[in-house]
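# A closer look at the structure
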Amino acid sequence: MPNSRTGVLLPLPVSGPYDYLPPANEPGGLPARGTLVRVPFGRRYLEGVVWGEGAGDVDAAKLKPIRDVLEAPPLPGVLCDFIDWVAAYTLHPPGAVLKMALGAPGALAPPETTTVLRRSAAPQLPRMTEPRQRVLDTLAERERAGLGLLGAADLARAAGVSAGVVSGLVGAGVLEPVSSRREFAVPLPDGDSPGPVLSDGQRDAADALGISVSKREFEAFLLHGVTGSGKTEVYFDALGQAFKENRQGLVLLPEIALAARWPERFEKRFGVMPLTWHSRMTPAARRNVWRAVASGEARVVIGARSALFLPFPDLGLIVVDEEHDASYKQDEGVAYNARDMAVVRAKLGGATVVLASATPSLETMENATQGRYQYLHLPERHGAATLPRIDLIDLKRHGPERWYGPGGPSGEDDRGQVGFVSPPLVEETRTALAAGEQVLFYLNRRGYAPLTVCRACGDRIACPHCTAWLVEHRGPGSVPDRGGRRLLVCHHCGFSRPVPPTCPSCSAEGTLFPCGPGVERLAEEVAARFPEARVVLATSDTLRGPAEALELGRRMTAGEIDIVIGTQIMAKGHHFPLLTLVGVIDGDMGLSGGDPRAAERTYQLLHQVAGRAGRAGRPGRVFVQTLDPRAPVMQALRAGDPDTFMAVESRERQMTGMPPWGRLVALIVSAEDEGAAQAVARALGKAAPEAPGVRVLGPAPAPLSRIRNRSRFRLLLKAEKGVRVQAVVRSWLQKVKIPSSVRLQVDVDPVSFL
DNA sequence: AGCACGCCGACT
DNA sequence: GTCGGCGTGCTC
Ligand SMILES: [Zn+2]
Ligand SMILES: [Zn+2]
């Protein structure tokens with residue numbers, strides 16, 4: 001008997017596809033792989049995807065027929081293959097990966113409709129009034145002008161009448177409501193638009209990419225473009241080539257950069273705004289983009305990491321810009337690295353993939369050295385902004401002075417406030433401001449102060465749900481001395497409470513004081529030290545969307561701002577012609593804690609921040625405040641010598657068997673009950689594999705040992721490069737029974753060790 | 001992921 | 001005596 005079952009993958013974390021019978025009403029046999037269907041599942045219906053022939057390992061009596069085939073373009077075969085590949089690599093269920101690909105919610109929703117009003121065939125009105133006539137005139141005018149129908153509220157507004165007039169006409173049967181499909185116009189970039197003249201270096205790189213795109217075969221490139229080399233123009237050129245070949249393009253950016261002005265640059269080059277894909281989209285926008293991609297109408301999408309799972313039927317080019325950025329790694333749910341999976345996606349689809357960065361990751365550099373990626377180096381262009389000179393300020397020798405508010409010391413015992421800007425940086429800032437130039441103070445710490453301490457008992461205020469200190473936030477415009485809001489916020493779970501009037505531990509009154517720097521606190525100091533300067537904060541709290549980012553850019557360019565105090569959001573994308581001085585307040589931040597990539601990341605981040613200073617013809621200056629100016633990463637920044645630094649980093653990782661010279665898989669065991677989590681973690685430790693070239697470290701309490709009221713333990717599997725870690729881990733996990741109250745997160749190639 | 005089944009504490 | 005808590009397991 002032929003296999004009349006079909007496997008259907010459901011967007012659920014179950015181990016694999018479930019078998020179904022073909023739909024009763026479809027005589028055409030088994031639907032093809034990728035077909036979107038609705039199937040009965042338990043006592044409900046779910047959307048799923050036909051995954052292939054049924055496995056046949058389940059009792060025929062249990063089989064139910066597919067209820068129906070959905071009116072939606074099927075998932076391209078290459079996406080189905082990709083989902084299987086990612087699931088096998090990350091050790092997460094394929095259904096969990098499918099869930100990301102369906103872009104839930106909304107991708108499969110029916111097309112958006114709105115109710116509009118049109119003139120009915122009904123005869124004349126019993127009573128015609130002047131407002132009523134105006135509505136009918138408006139309708140007639142719009143029809144003559146070829147404009148579409150409007151909903152009740154819009155029609156009333158267009159005619160300048162109240163809503164009651166329109167509803168009266170509907171009631172009288174003169175207007176009738178009809179449902180209209182809201183059309184979505186897919187922007188069509190112009191691949192033939194010439195673009196700017198490229199330098200010789202850019203031309204060579206762009207040609208190499210263009211030829212690769214035309215070949216329609218998998219090829220991977222590292223586009224190493226130093227600051228000012230114009231790497232964006234190079235991959236724009238390759239995108240244009242993809243459009244000409246009638247293939248689709250995808251540009252991945254770190255989520256934070258999407259908020260900035262990147263889409264504008266695309267528009268300047270190709271004449272239309274690009275379609276974008278990110279986590280904060282409405283379901284309707286999600287649906288529109290998803291469908292436009294699936295139908296092939298969308299020529300290019302700019303997106304955050306999840307855009308990699310969009311249903312491109314013919315993806316010819318993937319660009320991963322800022323490929324070193326750690327935010328390409330997703331740690332929760334399916335733990336995947338979009339940068340690495342982009343290479344896989346390109347391989348499965350016969351596409352070109354470009355990893356672009358001014359400071360490539362060690363992993364990508366090694367892949368280029370080994371010849372797996374072709375190496376394209378872009379030298380800086382003549383006359384372009386170059387990376388400014390970086391100087392170090394030793395905080396041990398140049399400790400920041402205390403400072404006073406506008407009135408100066410209030411008495412003899414007023415010792416003023418703790419400062420974070422050292423005298424040399426204050427001096428440089430004065431000079432720059434006097435020259436009418438702009439200054440950026442970089443501090444990657446949101447809020448007012450990262451810690452609140454009681455000076456009576458020494459107690460530090462922690463989150464009740466996490467092992468983390470609460471961060472004080474004051475918010476823009478609030479004046480704490482006059483009863484403004486002072487909130488303590490947990491950056492891990494979102495818990496917040498007002499700063500209490502008395503110490504929660506010893507009940508002493510007025511003894512709680514902020515400890516350590518945050519951008520809001522830094523802003524106070526800067527305002528006091530440079531009273532004439534116009535100061536703004538640029539953080540994810542103040543730049544919540546593209547509109548705010550654009551407005552900041554406008555004010556900066558117009559010279560309406562003197563000093564910006566910014567977090568990581570300022571490290572990306574923005575370039576301001578008047579900004580010539582960057583002061584890094586805490587260069588050592590991120591260097592503590594046992595992360596093998598800490599120094600590398602610090603280099604990449606500070607290099608990127610440094611790139612904000614300077615412009616053509618007037619190089620900027622960068623000062624990094626540090627307690628350890630002799631640290632290799634600081635010396636490398638000062639010397640502008642990433643190559644030596646990366647070589648040393650590489651050797652260090654080689655000696656310790658760390659990536660890219662070895663493989664890592666992290667297991668994170670968490671549960672509300674600490675004992676339950678610990679028991680499972682210990683059982684996993686006992687059952688650890690003893691294969692050659694494999695070592696298991698832990699279990700140990702995670703550095704963040706409790707988040708959202710869940711206790712966390714970590715184990716780390718370290719393997720030599722050739723080891724098939726997935727097989728090792730899969731058989732390891734089979735040996736340990738995990739109760740449902742305990743969650744086990746598997747993280748292949750971990751980036752975060754918290 | 002839902003949703004039901006099932007076995008132990010405090011309620012009409 | 002029942003109502004309901006959520007731990008365990010199943011869904012083709
Ligand atoms: Zn106290
Ligand atoms: Zn918390």
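Computed from a prediction, not measured in an experiment: that's the story for all the values here. (Residues numbered from 1 in each chain as written. Chains lettered and ligands numbered in written order. Predicted model: local features only at pLDDT ≥ 70, side-chain atom pairs only at ≥ 80, totals over all residues. Heavy atoms only, no water.)

### Structural notes on the sheet that holds strand β16 (residues 438-442)
Worth spelling out the cut-off: Strands are treated as partners if at least two bridges between them are detected by DSSP. A run of DSSP states H or I qualifies as a helix once it reaches four residues; a run of E qualifies as a strand once it reaches two. Both are numbered from the N-terminal end. Geometry is summarised by axes, namely lines fitted to C-alpha atoms with helices restricted to the contacting stretch, and by angles between N-to-C directions that run from 0 to 180 degrees. In what follows, a contact means two residues having at least one pair of non-hydrogen atoms within 4.5 Å.
Within the open sheet, the six strands sit side by side as β15-β25-β24-β16-β23-β22. Their pairing is parallel. The open sheet has two edge strands with one neighbour each: β15 (389-394) and β22 (535-538). Across the sheet, the mean angle from the axis of one strand to that of its neighbour is 20°, orientation sign disregarded. Two strands pair when backbone bridges link them, and β16 and strand β23 (residues 563-566) are joined in this way by four bridges, in the parallel orientation. Bridge pairing in β23 places Val-439 opposite Ile-563. In this fold helix α16 (residues 598-610) packs onto β15, β16, β24 (579-584) and β25 (621-626), with an angle of close to 165° to the strand it touches most, β16.

### Structural notes on the protein's contact with DNA strand C
The line we're drawing: Here a residue counts as near a molecule or strand whenever at least one of its heavy atoms sits within 4 Å of it. Polar contacts, as counted here, are pairs of nitrogen or oxygen atoms within 3.5 Å of one another; within protein the pair requires one atom able to donate a hydrogen and one able to accept it, and residues that are adjacent in sequence qualify only if both atoms are side-chain atoms.
Lining the immediate environment of DNA strand C, one finds 13 residues, of which Tyr-18, Asp-19, Phe-41, Lys-62 and Lys-64 sit closest. Taking the atoms of DNA strand C that fall within 4 Å of the protein, sugar and phosphate contribute 55% of them. Separating a phosphate oxygen of DNA strand C from a backbone N or O atom of Pro-40 is a distance of 3.4 Å. A distance of 3.5 Å separates a phosphate oxygen of DNA strand C from a polar atom in the side chain of Ser-740. For the surface near DNA strand C, the elements supplying multiple residues, two or more each, are β2 (18-20) and β3 (36-41). At three residues, β2 tops the list of elements feeding residues into the surface near DNA strand C.

### With respect to the sheet that holds strand β26 (residues 662-671)
The strand order across the open sheet formed by four strands is β27-β28-β26-β29, and the pairing between neighbours is antiparallel. Whereas interior strands pair on both sides, the edge strands pair on one side only; in this sheet they are β27 (694-707) and β29 (742-748). Strand after strand, the sheet turns through a mean of 20° between neighbouring axes, direction not considered. Where β26 meets β29, seven bridges bridge the pair, whose relative direction is antiparallel. Residue pairing in the sheet places Leu-667 in a bridge with Val-746 of β29. In this fold helix α20 (residues 725-734) packs onto β26, β27, β28 (710-720) and β29, with an angle of close to 30° to the strand it touches most, β26.

### Points about the protein's contact with DNA strand B
Applied cut-off: All residues other than Ala, Val, Leu, Ile, Met, Phe, Trp, Tyr, Cys, Pro, Asp, Glu, Lys and Arg, Gly among them, are scored as polar; the first ten of these are nonpolar and the last four charged.
DNA strand B sits among Leu-12, Pro-13, Phe-41, Arg-43 and Arg-44. By atom count, sugar and phosphate contribute 69% of the portion of DNA strand B lying within 4 Å of the protein. Between a phosphate oxygen of DNA strand B and a side-chain N or O atom of Arg-44, the distance comes to 3.2 Å. Counted by class, the surface near DNA strand B contains three nonpolar, no polar and two charged residues.

### Here's the deal with the UniProt feature "binding site: Zn(2+) 2" (unreviewed entry) in chain A
Stated precisely, the cut-off is as follows: UniProt positions are given in the numbering used here, feature names are shortened, and annotations may be inferred rather than shown by experiment. Only protein chains enter the accessibility calculation, which uses a 1.4 Å probe; a residue whose area is less than 20% of its type maximum is buried, one above 50% is exposed, and one in between is partly exposed.
Cross-referencing UniProt, the feature "binding site: Zn(2+) 2" (unreviewed entry) maps to Cys-463, Cys-466, Cys-490 and Cys-493 in the present numbering. The annotated residues occupy 31 residues of the chain but converge on a single region, no pair of C-alpha atoms lying more than 8.7 Å apart. Along the chain, Cys-463 falls in the loop between β17 (451-454) and β18 (471-473). The class for Cys-463 is buried, based on a relative accessible area of 6%. By secondary structure assignment, the location of Cys-466 is in the loop between β17 and β18. Each residue touching Cys-466, except ones within four places of it in the same chain, is listed here: Cys-490, His-492, Cys-493, Arg-706, Ile-707 and Arg-708.

### Some thoughts on the side chain of Arg-345
Stated precisely, the cut-off is as follows: Positive charge is attributed to Lys and Arg, negative charge to Asp and Glu, and no charge count is given to His or to the chain ends. Every case where a carboxyl oxygen of Asp or Glu lies within 4 Å of a side-chain nitrogen of Lys or Arg is listed as a salt bridge.
Tracing the sequence through the fold places Arg-345 in helix α11 (residues 338-349). Salt bridges are absent for the buried Arg-345, whose nearest opposite-charge side chain, Asp-314, sits at 7.9 Å. Those residues in contact with Arg-345 that lie beyond four places of it in its chain are Val-78, Phe-82, Leu-308, Phe-312, Leu-315 and Ile-318.

### Thoughts on the domain arrangement of chain A
The condition that has to hold: Either an automatic procedure or a domain database provided the assignment from which the domain bounds are taken. Using a 1.4 Å probe, buried area is obtained as the accessible area two parts lose upon being combined, added over both of them.
Assigned domains of chain A: these are domain 1 (6-101), domain 2 (115-181), domain 3 (200-378), domain 4 (389-445 + 517-650), domain 5 (448-516) and domain 6 (662-748). One C-alpha centre belongs to domain 3, the other to domain 6, and the line joining them spans 33 Å. On the side of domain 6, five residues touch domain 3, which itself brings six residues to the contact. In this assembly, domain 3 packs against domain 6 so that about 310 Å² is buried in total across both faces, 18% of it on carbon and sulfur atoms. The largest share of the area that domain 3 buries against domain 6 comes from Lys-329, Asp-331 and Ala-335, three residues that together contribute 69% of it.

### Section: the pattern of salt bridges
Overall, the coordinates contain 36 salt bridges when judged by the stated rule. Across the salt bridge formed by Arg-269 and Glu-233, the nearest N and O atoms sit 4.0 Å from each other. Of this pair, Arg-269 sits in helix α9 (residues 262-270) while Glu-233 sits in helix α7 (residues 231-244), and the two are 36 residues apart along the sequence. We note that Arg-269, like Glu-233, is buried. For Arg-621, the salt bridge is made with Glu-428, and the minimal N-O distance between the two is 3.9 Å. Of this pair, Arg-621 sits in strand β25 while Glu-428 sits in helix α13 (residues 423-434), placing them 193 residues apart in sequence. A residue is classified by how much of its surface remains accessible, and Glu-428, at 24% relative accessible area, is partly exposed. Ionic contacts of the salt-bridge type, sharing partners, join the residues Arg-203, Asp-207, Glu-233, Asp-237 and Arg-269 into one network.

### Focus: the coordination of the zinc ion (ligand 1)
Where we set the bar: Excluding water, the donors of a metal are its N, O and S neighbours within 2.8 Å, or within 3.2 Å for Na, K and Ca, and that exclusion means sites may look incomplete. Tetrahedral means four donors with every angle between 85 and 135 degrees, whereas square planar (four donors) and octahedral (six donors) require angles over 155 degrees between opposite donors and between 65 and 115 for all others; sites fitting neither are termed irregular.
Those protein atoms acting as donors to the zinc ion (ligand 1) are Cys-454 (SG), Cys-457 (SG), Cys-503 (SG) and Cys-506 (SG), and they sit at 2.2 to 2.3 Å. Geometry at the zinc ion (ligand 1) is tetrahedral, judged from its four donor atoms and the angles of 108 to 112° they form at the metal.

### Some words on empty space enclosed by the protein
Keep this limit in mind: Only protein atoms enter the 1 Å grid used here, on which a cavity is any set of points holding a 1.4 Å probe that cannot leave and a pocket is any open set flanked by protein within 12 Å on both sides along at least five of seven lines; residues with an atom within 4 Å of a point are listed as lining. Grid points are joined across faces, edges and corners, and a volume is the space filled by probe spheres set on the points.
Evaluated as defined, the whole model comprises two cavities of 30 Å³ or more. Its volume calculated, the largest cavity comes out at about 80 Å³. Together, His-224, Ala-358, Thr-359, Pro-360, Met-365, Tyr-603, Gln-604, Pro-642, Asp-643 and Met-646 line the largest cavity. Elements that contribute at least two residues to the lining of the largest cavity include exactly α16 and α18 (642-655). Take the lining of the largest cavity: its biggest share by element is three residues, from α18. Tallied by class, residues from the lining of the largest cavity come to six nonpolar, three polar and one charged. No fewer than three residues from each of domain 3 (200-378) and domain 4 (389-445 + 517-650) sit in the lining of the largest cavity. What the second largest cavity holds in volume is close to 40 Å³.

### A short note on the environment of Leu-275
For Leu-275, the location among the structural elements is in strand β10 (residues 275-277). By relative accessible area, Leu-275 is classed as buried at 8%. In this structure the C-alpha to C-alpha distance between Leu-275 and Leu-425, which are 150 residues apart in sequence, comes to 42 Å. Ignoring sequence-local partners within four residues, the contact set of Leu-275 consists of Phe-184, Val-186, Pro-187, Val-289, Ala-292, Ala-298, Val-300, Val-301 and Ile-302.

### Looking at the packing of aromatic side chains
For clarity, the threshold we go by: Two rings belonging to Phe, Tyr or Trp (six-membered ring only in the last case) form a pair when the distance between their centres is within 6.5 Å. Interplanar angles under 30 degrees mark stacking, angles over 60 mark edge-to-face geometry, and anything in between is tilted.
Evaluation of the coordinates by the stated rule reveals 13 aromatic pairs. Look at Phe-309 and Tyr-336: their rings are 5.2 Å apart centre to centre, the planes differ by 90°, and that puts the pair in the edge-to-face class. Of this pair, Phe-309 sits in the loop between β11 (300-303) and β12 (315-321) while Tyr-336 sits in the loop between β12 and α11, and the two are 27 residues apart along the sequence. One exposure class covers both Phe-309 and Tyr-336, and it is buried.

### What about the pairing of β11?
What you see with β11 is no split at all: Val-300 and Ile-302 on one side and Val-301 and Gly-303 on the other are buried throughout. Strand direction decides the pairing type here: strand β9 (residues 248-252) and β11, joined by four bridges, are parallel. Bridge pairing in β11 places Leu-252 opposite Gly-303. Pairing of β10 with β11 involves three bridges; the strand directions are parallel. The residue of β11 that forms the bridge with Trp-277 is Gly-303.

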